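# Architecture at a glance
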Amino acid sequence: MRSPRPLAAAAAAAAALATRAAAAPAPERGYGLPRDVSLDGARVDELLHFTLLATVTIFVVVLGAMAFSFLRHGRAHPARYTHGSRRSVGVLVATVAVIAFGVDVTMFVRTLLDLNGHFWNFARAEEQPGAVRIEVNAHQWAWAVRYPSAQGEFNSADDVVTLNDVRVPAGVPVVIQLASTDVIHSFYLPNFRVKRDAVPGMINSITFQGREPGEYEIACAQHCGPNHYKMRGILTVLAPEDYRRWLETARADARRGYDATDSEAHWGWAWRKE
Ligand SMILES: [Cu+2]
């Protein structure tokens with residue numbers, strides 16, 4: 001009788017392949033922005049939609065005025081030039097100024113409030129119970145990812161280190177500190193509406209909160225060399241219980257593989273307080 005071993009091995013290989021394939025983020029469907037799965041992404045979308053609405057409105061009004069003039073006057077209409085009166089010009093300029101200024105100031109203030117209160121408020125994100133801290137070191141051409149030990153220390157014996165693979169729990173803020181060892185890269189999460197450069201010699205922060213479990217794309221948004229396109233990672237948002245289980249297993253693996261003499265493996269840094 002044939003040994004079941006090769007079959008079992010083939011099944012295991014097929015299962016491993018299937019898992020890999022399933023780990024690819026689903027392609028975006030339809031038109032418009034990528035699906036927003038973050039807590040604060042709607043703030044960015046609102047500004048984009050407002051800008052779109054404003055430009056489309058202006059486009060339609062200008063086009064409408066031109067079309068009206070063409071249709072109303074036709075070819076035979078002789079050209080008539082007018083420079084308006086002081087009053088009419090004043091009213092026109094004032095109206096345009098008030099509308100443009102009002103729109104600009106509104107957008108500017110909203111942007112400042114969103115940045116200071118949410119997107120750049122790393123201290124507040126870190127204070128939330130259960131907040132996750134991660135270090136990401138960008139290099140040509142991959143993202144090296146490091147989680148702290150159970151005590152919250154980086155470069156410890158049970159740091160979990162992954163490559164192009166960031167896993168986070170849903171429903172809590174995530175704060176990532178970014179570094180680069182060679183050129184400028186940019187850590188971009190389209191589904192979370194956040195992006196930040198990783199600059200050699202600097203530690204930059206980025207924060208977001210995932211709303212629903214799933215797999216999403218990590219991209220590099222700075223052209224960083226011939227293999228720039230390979231800097232595609234996967235950000236997996238897990239249910240909190242699944243995340244806890246994964247982290248525990250990964251920590252146990254990390255402890256088993258720890259080599260205190262391998263200094264290159266300890267590229268992490270002491271967490272910077274904002
Ligand atoms: Cu890059």
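Along each chain, the written sequence defines residue order, and numbers are assigned to residues from 1. Where local features are concerned, this predicted model is filtered to residues with pLDDT of at least 70; where side-chain atom pairs are given and counted, the filter is 80 or more; whole-chain, interface and lining totals use all residues. To get the side-chain values, take all heavy atoms of the structure and skip hydrogens and water.

## Some thoughts on the pairing of strand 10 (residues 233-238)
Keep this limit in mind: To sort residues, take the accessible area from a 1.4 Å probe on protein chains only and compare it with the maximum for the residue type: under 20% means buried, over 50% means exposed, and anything in between is partly exposed. The numbering of helices and of strands both runs from the N terminus, where a helix is a DSSP run of H or I of at least 4 residues and a strand a run of E of at least 2. Pairing between two strands is assigned when DSSP locates at least 2 bridges connecting them.
Most of strand 10 sits inside the fold, with 5 of its 6 residues counted as buried. The pairing of strand 4 (residues 165-169) with strand 10 spans 5 bridges and is parallel. Pairing of Val168 across the sheet is with Val237, part of strand 10. Here strand 9 (residues 214-220) runs beside strand 10; their pairing, made up of 5 bridges, is antiparallel. Bridge pairing in strand 10 links Glu215 to Thr236.

## Some words on the pairing of strand 8 (residues 204-209)
With respect to burial, strand 8 is a largely interior element, 6 of its 6 residues being buried. The alternating pattern of strand 8 places Asn204, Ile206 and Phe208 on one face and Ser205, Thr207 and Gln209 on the opposite face, and all of these are buried.

## Here we look at the coordination of the copper ion
Here is the rule we go by: With water omitted from the atoms examined, metal sites may look incomplete; donors here are N, O and S atoms no farther than 2.8 Å from the metal, or 3.2 Å in the case of Na, K and Ca. Any site counts as irregular unless it has four donors with all angles between 85 and 135 degrees, making it tetrahedral, or four or six donors with opposite ones more than 155 degrees apart and the rest between 65 and 115, making it square planar or octahedral.
For the copper ion, the full set of protein donor atoms is His185 (ND1), Cys220 (SG), Cys224 (SG) and Met231 (SD), and the range of their distances to it is 2.1 to 2.4 Å. Relative to the metal, the 4 donor atoms surrounding the copper ion lie at angles of 88 to 125°, and the coordination shape comes out tetrahedral. Summarised as a motif, the one-chain spacing of the donors to the copper ion is H-x34-C-x3-C-x6-M. What makes Cys224 buried here is its relative accessible area of 4%. The exposure class assigned to Met231 is buried, which follows from its relative accessible area of 1%.

## Brief notes about the sheet that holds strand 10
Short version of the rule: Fitting a line to C-alpha atoms yields each axis, with helices limited to the stretch in contact; the angle taken between N-to-C directions then spans 0 to 180 degrees.
Strand order across the open sheet formed by 5 strands is 4-10-9-6-7, with mixed pairing between neighbours. Strands with a single pairing partner mark the edges of an open sheet, and in this sheet they are strand 4 and strand 7 (194-198). Within this sheet the neighbouring strands show an average axis-to-axis angle of 25°, counted without direction. As judged from the 2 bridges shared by strand 6 (residues 185-189) and strand 9, these two strands associate in the antiparallel manner.

## A short note on the pattern of salt bridges
Operational definition: Here, a salt bridge means any Lys or Arg side-chain nitrogen found within 4 Å of an Asp or Glu carboxyl oxygen.
Summed over the entire model, instances satisfying the criterion amount to 15 salt bridges. One connected set of salt bridges, linked through shared partners, spans Asp40, Arg43 and Asp114.

## Observations concerning the confidence of the model for the protein chain
Formally: The predictor rates its confidence in each residue with pLDDT, a number between 0 and 100. By definition in these notes, contact holds between two residues if any of their heavy atoms fall within 4.5 Å.
Looking at the protein chain, pLDDT values average 89 and 92% of them are 70 or higher. For residues 16-21, every residue scores under 50 in pLDDT, and the model assigns this stretch 0 contacts once sequence neighbours within four places are set aside.

## A look at helix 2 (residues 41-73)
Spelled out, the test is: For a helix, the expected span equals 1.5 Å multiplied by the number of residues minus one.
Helix length check: helix 2 (33 residues) gives 48 Å between terminal C-alpha atoms against 48 Å at 1.5 Å per residue, within 8%. Immediately beyond the C-terminal end of helix 2, within one or two residues, lies Gly74, with a positive phi of roughly 65°.

## Considerations on the packing of aromatic side chains
The geometry of an aromatic ring pair is captured by the separation of the ring centres together with the interplanar angle, meaning the angle of the planes. This is how the line gets drawn: What counts as a ring pair is set by centres within 6.5 Å for rings of Phe, Tyr and Trp (its six-membered ring), and what kind of pair is set by the plane angle: stacked under 30 degrees, edge-to-face over 60, tilted for all other angles.
Enumeration according to the criterion identifies 7 aromatic pairs in this entry. Note on Phe154 and Trp271: the rings are 5.4 Å apart at their centroids and 10° apart in plane angle, and the pair reads as stacked. Of this pair, Phe154 sits in the loop between strand 2 (142-147) and strand 3 (160-163) while Trp271 sits in the segment after helix 5 (240-257), and the two are 117 residues apart along the sequence. With a relative accessible area of 11%, Phe154 lands in the buried category. Aromatic pair Trp267 and Trp269: ring centres 6.3 Å apart, planes at 45°, arrangement tilted. On the basis of relative accessibility, which here comes to 12%, the residue Trp269 falls in the buried class.

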